[in-house]
Amino acid sequence: MKKEVRRAIIAGNWKMNMTPSAAKEAIGKTAELTKDMNGCDVILCVPFVDIPAAVEAAKGTNVKIGAQNVHFEKKGAFTGEIAGDMLVECGIEYVIIGHSERRQYFGETDKTVNLRTKAALEAGLKVILCLGEVLEEREAGITSEIVSMQTKLDLAGLSAEDMKNVIIAYEPVWAIGTGLTATPEQAEEVCAIIRNVIAGLYSEEVAEGVTIQYGGSMNEGNAAALLSKVNIDGGLIGGASLVPEKFVQIVEAAQA
Ligand code: PEP
């Protein structure tokens with residue numbers, strides 16, 4: 001089973017790039033170039049301040065807009081944070097949670113990833129939940145153990161129903177922003193492990209329905225080979241998502 005049951009999802013993670021006016025222009029261009037590409041979902045996850053301009057620019061197009069984080073409380077004294085209902089009211093449908101840069105630079109843990117995921121789902125958002133091993137873990141031969149543990153901890157307490165709104169992004173940390181890409185075989189192996197863990201936590205049916213993306217230096221040159229794998233249902237793309245002409249080639253590769 002694969003694309004018969006799981007629609008591909010190509011998501012861009014703009015990180016801390018693009019002002020609102022630049023976002024408007026890039027989304028307009030992406031929307032124009034993907035207007036006839038209906039074989040996958042296309043999401044751009046933008047900085048918070050870009051959201052109003054991005055949602056406006058994406059209206060009536062194939063492009064959906066996501067955010068890059070959400071807090072686990074509904075409101076209160078959490079300076080600098082954003083709550084789920086704020087995102088929903090701004091027209092946001094998707095949110096990235098647990099990106100390795102949040103884990104690495106901002107103290108995000110599997111516990112906070114789990115709390116944020118629950119809060120996002122409760123607010124009505126769909127979650128792109130990122131996990132993956134660091135280079136030392138891969139070299140130590142413990143990738144399987146690490147991603148299995150992350151999958152279990154990050155999804156703790158979520159129901160099978162919740163899983164309909166969770167996308168997993170397998171992102172080996174050593175491949176993010178480095179130009180080093182996991183081979184299609186390496187990425188497939190780990191995505192299959194994650195799907196297997198989900199089958200154990202829920203059921204085969206739930207596992208077969210979950211979209212698992214690969215992320216880590218995916219680009220217009222390597223996307224087709226990665227996306228051809230049975231357990232890789234899409235991509236989370238950083239650098240290449242900033243250039244509409246490159247990003248659109250990845251969307252095109254996902255049309256098959
Ligand atoms: C990411 O930020 O999730 C990512 C995969 O970045 P890049 O494509 O630049 O490696």
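We now turn to the structure provided with this report.

### Some remarks on the packing of helix α1 (residues 20-33) against helix α2 (residues 51-58)
1) Next: One way to put it is that α1 packs onto α2 with a least axis distance of 8 Å and a crossing angle of 20°. Taken together, the axis directions place α1 and α2 in an arrangement best described as roughly parallel. Both α1 and α2 take part in a crossing whose hand is right-handed. Contacts between α1 and α2 involve Pro 20, Lys 24 and Ile 27 from the former and Ala 53, Ala 54, Ala 57 and Ala 58 from the latter.

### A closer look at the packing of helix α5 (residues 110-123) against helix α7 (residues 143-154)
1) Next: Relative orientation of the contacting elements α5 and α7 amounts to 40°, with a least axis distance of 8 Å. Classified by the interaxial angle, the pair formed by α5 and α7 is oblique. In this structure, α5 contributes Asp 110, Val 113 and Asn 114 to the contact, and α7 contributes Gln 150, Leu 153 and Asp 154.
2) Next: Looking at side-chain class alone, the contact of α5 with α7 contains two nonpolar, two polar and two charged residues.

### Concerning α7
1) Next: Between the first and last C-alpha of α7 there are 16 Å, a value that for twelve residues agrees with the 16 Å anticipated at 1.5 Å per step.
2) Next: Regarding α7, the residues found buried are Thr 143, Ile 146, Val 147, Ser 148, Gln 150, Thr 151 and Asp 154.

### Description of the side chain of Asn 222
1) Next: Residue position: Asn 222 is located in the loop between β7 (212-215) and α10 (223-227).
2) Next: When neighbours within four sequence positions are excluded, Asn 222 is seen to be in contact with Thr 181 and Ser 217.

### Regarding empty space enclosed by the protein
1) Next: Considering all chains together, one arrives at one cavity of 30 Å³ or more under this definition.
2) Next: Estimates place the volume of the largest cavity at around 40 Å³.
3) Next: Of all the secondary structure elements, the ones that give two or more residues to the lining of the largest cavity are α4 (100-105) and β5 (126-131).

### Observations regarding the layout of surface pockets
1) Next: In this structure, the largest pocket occupies an estimated 460 Å³ of space.
2) Next: For the largest pocket, the lining is made up of 16 residues, of which Lys 15, Gln 68, Asn 69, Arg 102 and Phe 106 are closest to its centre.
3) Next: Taken as a whole, the second largest pocket encloses approximately 340 Å³ of empty space.
4) Next: Elements with a contribution of two residues or more to the lining of the second largest pocket: β6 (166-170) and α9 (204-209).
5) Next: Broken down by element, the lining of the second largest pocket gets its largest block of residues, three residues, from α9.

### Here we look at the environment of Val 206
1) Next: Relative to the helices and strands, Val 206 is located in helix α9.
2) Next: Remark: the alpha-carbon pair of Val 206 and Arg 195, spanning eleven residues in sequence, is separated by 9.2 Å.
3) Next: Residues in contact with Val 206, not counting those within four places in the same chain, are Ala 160, Met 163 and Ile 198.

### Here's the deal with the pattern of salt bridges
1) Next: Taken as a whole, this structure holds 18 salt bridges when the rule is applied.
2) Next: Of the charged contacts in the structure, one is a salt bridge between Arg 7 and Asp 41, with a shortest N-O distance of 2.8 Å. In this pair, Arg 7 sits in the segment before β1 (8-13) while Asp 41 sits in strand β2 (residues 40-45), placing the two residues 34 residues apart along the sequence.
3) Next: Judged by its relative accessible area of 16%, Asp 41 falls in the buried class.
4) Next: The salt bridge partner of Glu 108 is Arg 116, with a shortest N-O separation of 2.6 Å.
5) Next: For Arg 116, a relative accessible area of 6% translates into the label buried.
6) Next: Through salt bridges with shared partners, one network takes in Arg 6, Arg 195, Glu 208 and Asp 233.

How each quantity is defined
- Residues numbered from 1 in each chain as written.
- Predicted model: local features only at pLDDT ≥ 70, side-chain atom pairs only at ≥ 80, totals over all residues.
- Heavy atoms only, no water.
- Axes fitted to C-alpha atoms, helices over the stretch in contact; angles between N-to-C directions.
- Helix = DSSP H or I, 4+ residues; strand = E, 2+ residues; numbered from the N terminus.
- Parallel < 35°, antiparallel > 145°, perpendicular 65-115°, else oblique.
- Left-handed = near helix turned anticlockwise from the far one by under 90°.
- Contact = heavy atoms within 4.5 Å.
- Nonpolar A, V, L, I, M, F, W, Y, C, P; charged D, E, K, R; others polar.
- Expected span 1.5 Å × (residues − 1).
- Buried < 20%, exposed > 50% of the residue type's maximum accessible area, 1.4 Å probe, protein only.
- 1 Å grid on protein atoms, 1.4 Å probe; cavity = no way out; pocket = protein on both sides within 12 Å on 5 of 7 lines; lining within 4 Å.
- Points joined across faces, edges and corners; volume = space filled by probe spheres on them.
- Salt bridge = Lys/Arg side-chain N within 4 Å of Asp/Glu carboxyl O.

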